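The lines below spell out each chain.
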Amino acid sequence: VPRLAGTLGDYDAEPRTAKFRVDIPRLMAAIDAAHMNTYDFLIWHAKTDWDDFHDFVREARKNNLKVWVTLCPPSEPPPSAPFGLDYLRWADEIGKLSEENDNIVAVVIDDFWSAENRQLFTPQYVARLSAILYRHNPKLALLPTIYWETIGDPQFIKNYGPWIDGIVFPYADLKS
(Lines give C-alpha, C1' and ligand atoms only; values in the text may rest on other atoms or scores of the structure.)
Protein backbone atom coordinates (compact mmCIF):
# COMPACT_ATOMS: atom_id res chain seq x y z
CA VAL A 1 0.00 0.00 0.00
CA PRO A 2 1.75 3.21 -1.14
CA ARG A 3 0.50 5.30 1.79
CA LEU A 4 2.34 2.98 4.18
CA ALA A 5 5.70 3.15 2.43
CA GLY A 6 8.45 4.75 4.48
CA THR A 7 6.63 4.35 7.77
CA LEU A 8 8.70 5.39 10.77
CA GLY A 9 6.54 5.22 13.82
CA ASP A 10 5.69 4.18 17.31
CA TYR A 11 2.80 2.42 18.98
CA ASP A 12 0.93 2.62 22.24
CA ALA A 13 3.12 5.00 24.15
CA GLU A 14 0.64 7.76 24.88
CA PRO A 15 1.65 9.85 27.89
CA ARG A 16 -1.29 10.55 30.18
CA THR A 17 -2.47 13.52 32.20
CA ALA A 18 -3.37 13.27 35.89
CA LYS A 19 -6.96 12.55 34.77
CA PHE A 20 -5.66 9.70 32.55
CA ARG A 21 -6.46 11.51 29.30
CA VAL A 22 -3.93 11.34 26.48
CA ASP A 23 -1.49 14.22 26.85
CA ILE A 24 -1.48 15.19 23.19
CA PRO A 25 1.12 18.00 23.40
CA ARG A 26 3.60 15.67 25.15
CA LEU A 27 2.86 12.87 22.69
CA MET A 28 3.38 15.16 19.70
CA ALA A 29 6.65 16.43 21.19
CA ALA A 30 7.91 12.86 21.66
CA ILE A 31 6.94 11.92 18.10
CA ASP A 32 8.70 15.02 16.77
CA ALA A 33 11.82 14.40 18.86
CA ALA A 34 12.05 10.85 17.49
CA HIS A 35 11.61 12.07 13.89
CA MET A 36 8.65 9.75 13.29
CA ASN A 37 6.12 10.21 10.49
CA THR A 38 3.49 7.78 11.81
CA TYR A 39 1.84 6.98 15.11
CA ASP A 40 -0.29 3.90 15.86
CA PHE A 41 -2.85 4.90 18.49
CA LEU A 42 -4.15 2.02 20.62
CA ILE A 43 -7.73 2.49 21.76
CA TRP A 44 -7.78 0.40 24.88
CA HIS A 45 -6.42 2.03 28.03
CA ALA A 46 -9.30 4.33 28.96
CA LYS A 47 -12.94 4.88 28.05
CA THR A 48 -11.90 8.33 26.84
CA ASP A 49 -9.40 7.01 24.27
CA TRP A 50 -11.86 7.33 21.35
CA ASP A 51 -12.48 11.00 22.19
CA ASP A 52 -8.76 11.58 22.67
CA PHE A 53 -8.10 9.85 19.35
CA HIS A 54 -10.29 12.42 17.57
CA ASP A 55 -8.28 15.27 19.10
CA PHE A 56 -4.98 13.51 18.37
CA VAL A 57 -5.88 12.92 14.71
CA ARG A 58 -6.62 16.61 14.16
CA GLU A 59 -3.36 17.66 15.82
CA ALA A 60 -1.44 15.02 13.88
CA ARG A 61 -2.94 16.30 10.61
CA LYS A 62 -1.60 19.79 11.34
CA ASN A 63 1.87 18.22 11.67
CA ASN A 64 1.69 15.99 8.55
CA LEU A 65 1.70 12.90 10.75
CA LYS A 66 0.12 9.69 9.48
CA VAL A 67 -2.06 7.84 11.95
CA TRP A 68 -2.86 4.19 12.41
CA VAL A 69 -5.47 3.06 14.92
CA THR A 70 -5.31 -0.28 16.72
CA LEU A 71 -8.32 -2.05 18.19
CA CYS A 72 -8.17 -4.88 20.68
CA PRO A 73 -9.63 -8.25 19.77
CA PRO A 74 -12.04 -10.38 21.81
CA SER A 75 -9.06 -12.22 23.34
CA GLU A 76 -7.79 -9.03 25.04
CA PRO A 77 -10.46 -7.73 27.39
CA PRO A 78 -11.68 -5.18 28.00
CA PRO A 79 -12.71 -4.41 24.44
CA SER A 80 -11.87 -1.06 22.90
CA ALA A 81 -14.48 1.51 23.94
CA PRO A 82 -17.02 2.76 23.02
CA PHE A 83 -18.02 0.24 20.33
CA GLY A 84 -16.62 -2.87 21.98
CA LEU A 85 -16.54 -5.96 19.81
CA ASP A 86 -18.66 -4.42 17.05
CA TYR A 87 -15.87 -4.09 14.51
CA LEU A 88 -18.35 -3.23 11.77
CA ARG A 89 -19.33 -0.16 13.78
CA TRP A 90 -15.67 0.61 14.40
CA ALA A 91 -15.05 0.41 10.63
CA ASP A 92 -17.94 2.79 9.99
CA GLU A 93 -16.88 5.31 12.62
CA ILE A 94 -13.17 5.24 11.73
CA GLY A 95 -14.09 5.42 8.04
CA LYS A 96 -16.24 8.52 8.66
CA LEU A 97 -13.46 10.14 10.68
CA SER A 98 -10.97 9.41 7.89
CA GLU A 99 -13.16 11.27 5.39
CA GLU A 100 -12.39 14.46 7.31
CA ASN A 101 -8.85 13.45 8.29
CA ASP A 102 -6.96 11.89 5.41
CA ASN A 103 -3.96 11.32 7.65
CA ILE A 104 -5.71 8.24 9.08
CA VAL A 105 -4.14 5.59 6.88
CA ALA A 106 -4.57 2.22 8.62
CA VAL A 107 -6.76 0.21 10.95
CA VAL A 108 -5.03 -2.57 12.88
CA ILE A 109 -6.74 -5.39 14.74
CA ASP A 110 -4.38 -6.84 17.30
CA ASP A 111 -3.87 -10.61 17.68
CA PHE A 112 -6.23 -11.12 14.77
CA TRP A 113 -5.60 -14.80 14.17
CA SER A 114 -5.43 -16.19 17.69
CA ALA A 115 -7.69 -19.15 18.44
CA GLU A 116 -10.09 -17.04 20.54
CA ASN A 117 -10.65 -14.55 17.72
CA ARG A 118 -11.26 -16.86 14.76
CA GLN A 119 -14.95 -17.32 15.53
CA LEU A 120 -15.62 -13.62 14.99
CA PHE A 121 -13.09 -12.80 12.28
CA THR A 122 -14.40 -15.11 9.60
CA PRO A 123 -13.58 -14.28 5.97
CA GLN A 124 -17.19 -13.14 5.49
CA TYR A 125 -17.05 -10.81 8.49
CA VAL A 126 -13.70 -9.35 7.42
CA ALA A 127 -15.07 -8.83 3.89
CA ARG A 128 -17.94 -6.80 5.37
CA LEU A 129 -15.57 -4.88 7.63
CA SER A 130 -13.24 -3.94 4.78
CA ALA A 131 -16.17 -2.98 2.53
CA ILE A 132 -17.38 -0.56 5.20
CA LEU A 133 -13.92 0.97 5.62
CA TYR A 134 -13.39 1.36 1.87
CA ARG A 135 -16.85 2.79 1.31
CA HIS A 136 -15.75 5.76 3.38
CA ASN A 137 -12.12 5.84 2.31
CA PRO A 138 -10.71 3.43 -0.29
CA LYS A 139 -7.18 4.46 0.74
CA LEU A 140 -7.49 3.06 4.26
CA ALA A 141 -5.44 -0.07 4.91
CA LEU A 142 -6.80 -2.94 6.98
CA LEU A 143 -3.85 -4.58 8.74
CA PRO A 144 -4.39 -7.55 11.03
CA THR A 145 -1.66 -8.38 13.51
CA ILE A 146 -0.51 -11.96 13.00
CA TYR A 147 2.38 -14.01 14.30
CA TRP A 148 4.96 -16.52 13.19
CA GLU A 149 2.70 -19.56 12.88
CA THR A 150 0.40 -17.76 10.42
CA ILE A 151 3.05 -16.25 8.14
CA GLY A 152 2.88 -18.08 4.83
CA ASP A 153 -0.21 -20.13 5.77
CA PRO A 154 -1.78 -20.68 2.33
CA GLN A 155 -5.27 -21.05 3.79
CA PHE A 156 -4.99 -17.73 5.63
CA ILE A 157 -3.75 -16.02 2.48
CA LYS A 158 -6.54 -17.56 0.38
CA ASN A 159 -9.29 -16.70 2.88
CA TYR A 160 -8.16 -13.22 3.91
CA GLY A 161 -5.87 -11.95 1.17
CA PRO A 162 -8.69 -10.28 -0.79
CA TRP A 163 -9.88 -8.36 2.28
CA ILE A 164 -6.69 -7.13 3.92
CA ASP A 165 -3.98 -4.76 2.71
CA GLY A 166 -1.03 -6.20 4.57
CA ILE A 167 -0.15 -7.49 8.01
CA VAL A 168 1.47 -6.22 11.15
CA PHE A 169 4.08 -8.74 12.20
CA PRO A 170 5.48 -7.46 15.50
CA TYR A 171 8.07 -10.13 16.22
CA ALA A 172 9.18 -13.69 15.63
CA ASP A 173 9.84 -16.20 18.35
CA LEU A 174 13.35 -16.95 17.17
CA LYS A 175 14.02 -19.50 19.93
CA SER A 176 11.43 -21.97 18.60
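Residues numbered from 1 in each chain as written. Predicted model: local features only at pLDDT ≥ 70, side-chain atom pairs only at ≥ 80, totals over all residues. Heavy atoms only, no water.

Draft legend 1. Representation of the nonpolar core in the model. One finds Phe-53, Phe-56, Phe-112 and Leu-129 to be the most contacted residues of the largest nonpolar core, which totals 42 residues. Those elements that provide at least two residues to this core are α1 (24–33), β2 (38–43), α2 (49–62), β3 (66–71), α3 (87–100), β4 (104–109), α4 (123–136) and α5 (154–160). The biggest single contributor to this core is α3, with 6 residues. In this structure Phe-112 touches Asn-117, Phe-121, Val-126, Pro-144, Thr-145, Ile-146, Phe-156 and Tyr-160, once residues within four positions along its chain are discounted. Counting 7 residues, the second-largest nonpolar core is a separate cluster that includes Trp-68, Val-105, Val-108 and Ala-141. (Core = buried A, V, L, I, M, F, W, Y, C linked by side-chain atoms within 4.5 Å. Buried < 20%, exposed > 50% of the residue type's maximum accessible area, 1.4 Å probe, protein only. Helix = DSSP H or I, 4+ residues; strand = E, 2+ residues; numbered from the N terminus. Contact = heavy atoms within 4.5 Å.)

Draft legend 2. Up close: the packing of α1 against α2. In contact at an axis separation of 11 Å, α1 and α2 are set at 45 degrees when each is read in the N-to-C sense. Between α1 and α2, the angle falls in the class oblique. Taken as a pair, α1 and α2 cross one another with a handedness that is right-handed. Between α1 and α2, the contacting residues are Ile-24, Leu-27, Met-28 and Ile-31 on the first element and Asp-52, Asp-55, Phe-56, Glu-59 and Ala-60 on the second. Classifying every residue of the contact of α1 with α2 by side-chain character gives 6 nonpolar, no polar and 3 charged. (Axes fitted to C-alpha atoms, helices over the stretch in contact; angles between N-to-C directions. Parallel < 35°, antiparallel > 145°, perpendicular 65-115°, else oblique. Left-handed = near helix turned anticlockwise from the far one by under 90°. Nonpolar A, V, L, I, M, F, W, Y, C, P; charged D, E, K, R; others polar.)

Draft legend 3. Just the side chain of Asp-110, in detail. Note that Asp-110 resides in the loop between β4 and α4. Despite its burial, Asp-110 pairs with no opposite charge, the nearest such side chain being Arg-16 at 14 Å. Apart from the residues lying within four places of it in its own chain, the contact partners of Asp-110 are Tyr-11, Thr-70, Leu-71, Pro-73, Glu-76, Thr-145 and Tyr-147. (Lys, Arg positive; Asp, Glu negative; His and termini not counted. Salt bridge = Lys/Arg side-chain N within 4 Å of Asp/Glu carboxyl O.)

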